[in-house]
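Now for the letters of each chain:
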Amino acid sequence: MNVDNLLATALNEANTKKIDYLEARWGNYCNQFLHARDSIVDMMNDESSAGMNVRIFHKGAWGFAAAMVKTAADVANLVEQAQKAASTSARISNKPLILTDLKPYQAQWQTPIQIDPFKVPLKEKLDLLQELNRLMLAHNQISEVSSWMRFFKTEKKYVNTIGTRTDQIIFRSDADYRATAVGNDRCESRSYQSIQLSAGYESVDAKAMLEAAPRVAREAIEQLTAKPWSKDHADLILMPSHTRLVIHETIGHATELDRILGWEADYAGTSFATPEKLDNYRYGSNCFNVTADRTMPHGLATCGFDDEGVQTGRWKIVTDGILTGYATTRDTAPMIDAKSSCGCAYADHWTSFPILRMANTSIDPGPKGSPTFKQLIENTENGILVDGMAAFSIDQQRINFQFGGDYCRAVRNGRIEEPLWNVVYEGNNPSFWSSMDAVCCSNEWRQYGVYGCAKGQPVQTTALTHGSAPLRLRNVSVRRSS
Amino acid sequence: MDHSNYQSILDTVLQKASKAGAEHAAAVMSDDTSGTLRFAANRPTQHKTHRNTELSLAVSIAGKEAICETNLLQENDLESVAAKAVQFARNAPENPEFFPPLRQQTYTATQAWFDSTAAISIPERGEIVGEMCAHAESENTDLFGNLEVSSGFMAVANTNGLFAGQPVTEVSLSLTARTRNSNGSSQAHLWERDWNKLKYMESAERTIKVARNSVNPKPLDPGHYTVILSPKAVSEYLMFVVFAMDARMADTGQSFFGKQSNKSRLNDGCFQDIVTLKSMSDHPELPTPCFGQAFGSGGSAAGTLFSTGLPVQTTEWIENGIVKNFRYSPWYALKNNRVPIAYPFNLYMSGDSSSLDELIAEVKRGVLIESFWYVNPTDWSRLELTGLTRDGTFLIENGKITCPVNSFRFNDSPVRSLNRISGMTHPEKIYGEYWPGMFPWIRVDDFNLSSVSNAV
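Residues numbered from 1 in each chain as written. Chains lettered and ligands numbered in written order. Predicted model: local features only at pLDDT ≥ 70, side-chain atom pairs only at ≥ 80, totals over all residues. Heavy atoms only, no water.

## Re the interface of chain A and chain B
On the side of chain B, 81 residues touch chain A, which itself brings 79 residues to the contact. Between chain A and chain B the total buried area reaches about 6500 Å² when both faces are included, carbon and sulfur atoms providing 48% of it. Linking chain A to chain B there are five salt bridges. Between lysine 84 of chain B and aspartate 46 of chain A there is a salt bridge whose closest N-O contact spans 2.7 Å. Inspection of the region where chain A meets chain B yields 43 residue pairs in polar contact (both at pLDDT 80 or more). The biggest single contributor to the side of chain A that touches chain B is strand E2 (residues 40-58) of chain A, with 11 residues. Within the side of chain A that touches chain B, the residues separate by chemical class into 33 nonpolar, 29 polar and 17 charged. Pairing between E2 of chain A and strand E3 (residues 64-70) of chain B: three bridges, direction parallel. Counted as the bridge partner of asparagine 45 of chain A is isoleucine 67 of chain B from E3 of chain B. (Contact = heavy atoms within 4.5 Å. Buried area = accessible area lost by both parts, 1.4 Å probe. Salt bridge = Lys/Arg side-chain N within 4 Å of Asp/Glu carboxyl O. Polar contact = N/O pair within 3.5 Å; in protein donor to acceptor, adjacent residues only side chain to side chain. Helix = DSSP H or I, 4+ residues; strand = E, 2+ residues; numbered from the N terminus. Nonpolar A, V, L, I, M, F, W, Y, C, P; charged D, E, K, R; others polar. Pairing = 2+ DSSP bridges.)

Now the structure itself:
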């Protein structure tokens, strides 16, 4: 039986069994991982996994079943299991869930790509990885180098009992590398900081990667002899390659409504940004504006429809420093009296139950007249320029955090000076963003991806994008290295 | 499917790979049927069941390797995946760290399957969660958590004649109790292979009690304190020690265990002599499968699949404070004349004879920590970690727990902490983030609680 017939069978079963609401999703997940360590290609993996799931909503409770199905009988069995799970949950729940209304859609959506990464000859990809490693290993103190590529192609076909039928194909491509230098008492790494896009192989910029390899190796070596920041505080200038980490942990996760409602209390944590704060809570300074967007070009969380059939969109999370929005799904939005979901349901596999995941979430660039990066540096007397991601930890309500940069340099009297060793800064969430006094103009705005964000039980991972222009925060506490 | 079905599929894909030109091949199958009921504030939020059977095939041709994975298992699908893997391998450069597939191994039979677990039905999952949530409701407390029950089969075969297969079951229960005013919280993780051993109501009752005891935390300044860490917190803290115990990373100066003049710290006494940490193949409370795969860096991903089928054995990582073993990939073990070690299915830390009350009684002023959260390295080569306390942080004064206090961020190193232990209890079973295990409550002097977190 072909996929369309399997999905149609699920809808027929719903009709026959008079099921309140049913949605069925078939997925085919194809991934390719290539990895080179030093001169060795030590990973060439090609994976594919296909199957179907059914989710049923019955008397305020969800039931879900997934399997690799081939026949109408297989689908009927899935529906029966999902029905059993939903009715069991409904029986033990004294607080039924409510869903927002849903519009029906018949649509197709695909990530715009120029080059299918799965059709690029392996030799071309492996040659690039090996050349990157050769360039980095040419530096004496480099002890180990790694380079890798990851390509993802996900095909999803979705139907539900109100008449929606969507077909989507989503691509993600990533290539990156890292150099590790070992000295007498230190081991230090530096990464290239690829931007990571929902795109095809055209996003692998081989020329830029090759040009940067000697610099990346040098910057790893520099950190072997770099000194730590000598003071307790500093003004921080965060590059977009670093802000992705801070946005992700302090804004993206903090404004996921399922956390706020406590649904992640047992695993990923809760949030301080509770519903009574909506539209009145000062999250940051006046120049702090945050937008969520599942439609942004090449965002890793970009798609046409989420995994419960909601059309994706764009909305404000923070407006002029005030908390104004959340990421929501159909079963969480009613709890804050929202009429519709923002379209943030995502399942990382065909075996996975859709859960709430943040959208691509970005800090808006400053308005016209905001400084360029050059001007921001020139206007900073005593600070640290932070590039890339390193150590990270944040409490379960997303307040007390400690983050580090991949490569940091001192800024003195308007000039970028020597590299610094192991910069780790700490802060408390709303007061940290309230200390932001400058964000660069739109010409300086860049987007970067985050892979491997874990949430849910059983754990699911996702990838998404965060963007910002370089920005400055005043008088941030810096941890003194021992 | 039974044993012979898995063997038949594996034999078929290996034959197809050989026919397509593979010199060596190894195939690993996992067949998993699992059910999960997740709940929040005493109501279910997701209830799922799924079955998936996946096959990973590694092939090599003259030292060139590749891996392909699929969940399509008809004969023509197996032919396609074999052809694809061989085609990939032909495009790969030769791997100088090639390690051939294992030959047939000898296994000591272990019991990792329990009918009691496999028999748990969808309605039974609901009854169990319903019972715990009803109790929480009666205590005016909210329960959050996840019950996961799985059963399946893992099997491996290779072109050197190895076949191993074993049925496995697992049940895990994670619970967080929160008071209705949201300022008291507690957490517990349970794990068993045998459903009959899961003391879910006992655990729910204790978790609710600790949450209620933790309400209205009093402010306490950051600083260096004597701390008593629960088995759960010890597990969350010490897993980074095992992560760092990789032979190749140590030998190349990339971890704490290799920091002295490019010589690793294998056989060095890095910790107090009361510290013993091991993975056990025969502990009755931690039943494991009888085989696994090598667990270390170096070699290749295909080499890891070629090493699947290693017998699981008891491994001492730290014995009486001395580093006794590192993790070795098969290739790196061969290069260094060591034995590769199968992935540990558990961790066991030896304890001492003190009771928890005795540990507390000897503390003039200190902090009892039930859980850690978001522990990550700040300096990997020194094994410096940061993280936070959560779900129950209590002040100890003059030998007694006097009140709940705010949570803290810590910045410290397990290397220092495992040299500052002043007391331990017998180990207790817990389910850590990566492994089930048994850990004692330990008392550590001069632990750096570096800043306050008001998160509950």
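## Details of the packing of aromatic side chains
Residue and element names in this part refer to chain A. Inspection of every chain in the model, using the stated rule, returns 44 aromatic pairs over all chains. Ring geometry for tryptophan 62 and phenylalanine 353: centres 6.3 Å apart, planes at 85°, overall edge-to-face. You can see tryptophan 62 sitting in strand E3 (residues 61-67) and its partner phenylalanine 353 sitting in the loop between strand E12 (345-346) and strand E13 (355-356), a full 291 residues away along the chain. Of the two residues, tryptophan 62 and phenylalanine 353, neither departs from the other in class, the shared state being buried. (Phe/Tyr/Trp six-rings, centres within 6.5 Å; stacked < 30°, edge-to-face > 60°. Buried < 20%, exposed > 50% of the residue type's maximum accessible area, 1.4 Å probe, protein only.)

## Considerations on a negative patch on the surface
Residues and elements named next belong to chain B. On the surface, Glu124, Glu127, Glu131, Glu202 and Glu205 cluster together into a patch of negative charge. Of all elements in the fold, only helix H4 (122-138) and helix H5 (200-213) reach the threshold of two or more residues within the negative patch. Element by element, the count of residues in the negative patch is highest for H4, at three residues. By secondary structure assignment, the location of glutamate 202 is in helix H5. Taking relative accessible area as the criterion, glutamate 202 reaches 54% and is therefore assigned exposed. (Patch = residues over 30% accessible without salt bridge, like charges linked within 9 Å, V, L, I, M, F, W, Y side chains within 5 Å. Areas by Shrake-Rupley, 256 points an atom, 1.4 Å probe, with all protein chains shown as cover. Lys, Arg positive; Asp, Glu negative; His and termini not counted. Charge placed at Lys NZ, Arg CZ, Asp CG, Glu CD.)

## Remarks on the domain arrangement of chain B
Residue and element names in this part refer to chain B. Domains assigned within chain B are domain 1 (3-211) and domain 2 (214-238 + 352-453). The C-alpha centroid of domain 2 is placed 31 Å from the C-alpha centroid of domain 1. Every contact between the two is made by 16 residues of domain 1 and, on the other side, 16 residues of domain 2. Looking at the side of domain 1 facing domain 2, the largest losses of area belong to Gln187, His189 and Trp191, adding up to 41% of the total buried there. Linking domain 1 to domain 2 there are two salt bridges. The salt bridge involving lysine 429 is made with glutamate 192; its shortest N-O contact spans 2.6 Å. Inspection of the region where domain 1 meets domain 2 yields nine residue pairs in polar contact (both at pLDDT 80 or more). Elements supplying a minimum of two residues to the side of domain 1 that touches domain 2: strand E5 (163-179), strand E6 (185-192) and H5. The greatest single-element share of the side of domain 1 that touches domain 2, amounting to seven residues, is contributed by E6. (Domains from an automatic or database assignment.)

## Some details on the nonpolar core
Residues and elements named next belong to chain B. Leu229, Phe257 and Met349 are the most contacted members of the largest nonpolar core, which totals 79 residues. Sort the elements by how many residues they give to this core and helix H6 (residues 231-244) lands first, with nine residues. Structurally, this core is a two-domain feature, drawing no fewer than three residues from each of domain 1 (3-211) and domain 2 (214-238 + 352-453). In this structure, phenylalanine 257 is in contact with Val241, Ala244, Met245, Ala250, Ser264, Arg265, Phe271, Val323 and Phe326, ignoring residues within four places of it in sequence. Tyr6, Phe88, Ala89 and Ala92 belong to the second largest nonpolar core, which has 59 residues in total. (Core = buried A, V, L, I, M, F, W, Y, C linked by side-chain atoms within 4.5 Å.)

## Topic: the domain arrangement of chain A
Residue and element names in this part refer to chain A. Looking at chain A, the domain boundaries give domain 1 (3-225) and domain 2 (233-479). Look at where the C-alpha atoms of domain 1 and domain 2 centre, and you get two points 21 Å apart. In this assembly, 52 residues from domain 1 lie in contact with 48 residues from domain 2. It is Thr100, Arg172 and Gln193 in domain 1 that bury the most area against domain 2; as a group they hold 16% of the surface buried on that side. Seen at the junction of domain 1 and domain 2, the total is four salt bridges. The tally of links from domain 1 across to domain 2 stands at 23 residue pairs in polar contact (both at pLDDT 80 or more). Secondary-structure elements contributing two or more residues to the side of domain 1 that touches domain 2 are strand E1 (21-37), E2, E3, strand E4 (106-110), strand E5 (142-160), strand E6 (165-182), strand E7 (187-191) and helix H4 (206-225). Among the residues making up the side of domain 1 that touches domain 2, the classes are represented as 23 nonpolar, 15 polar and 14 charged.

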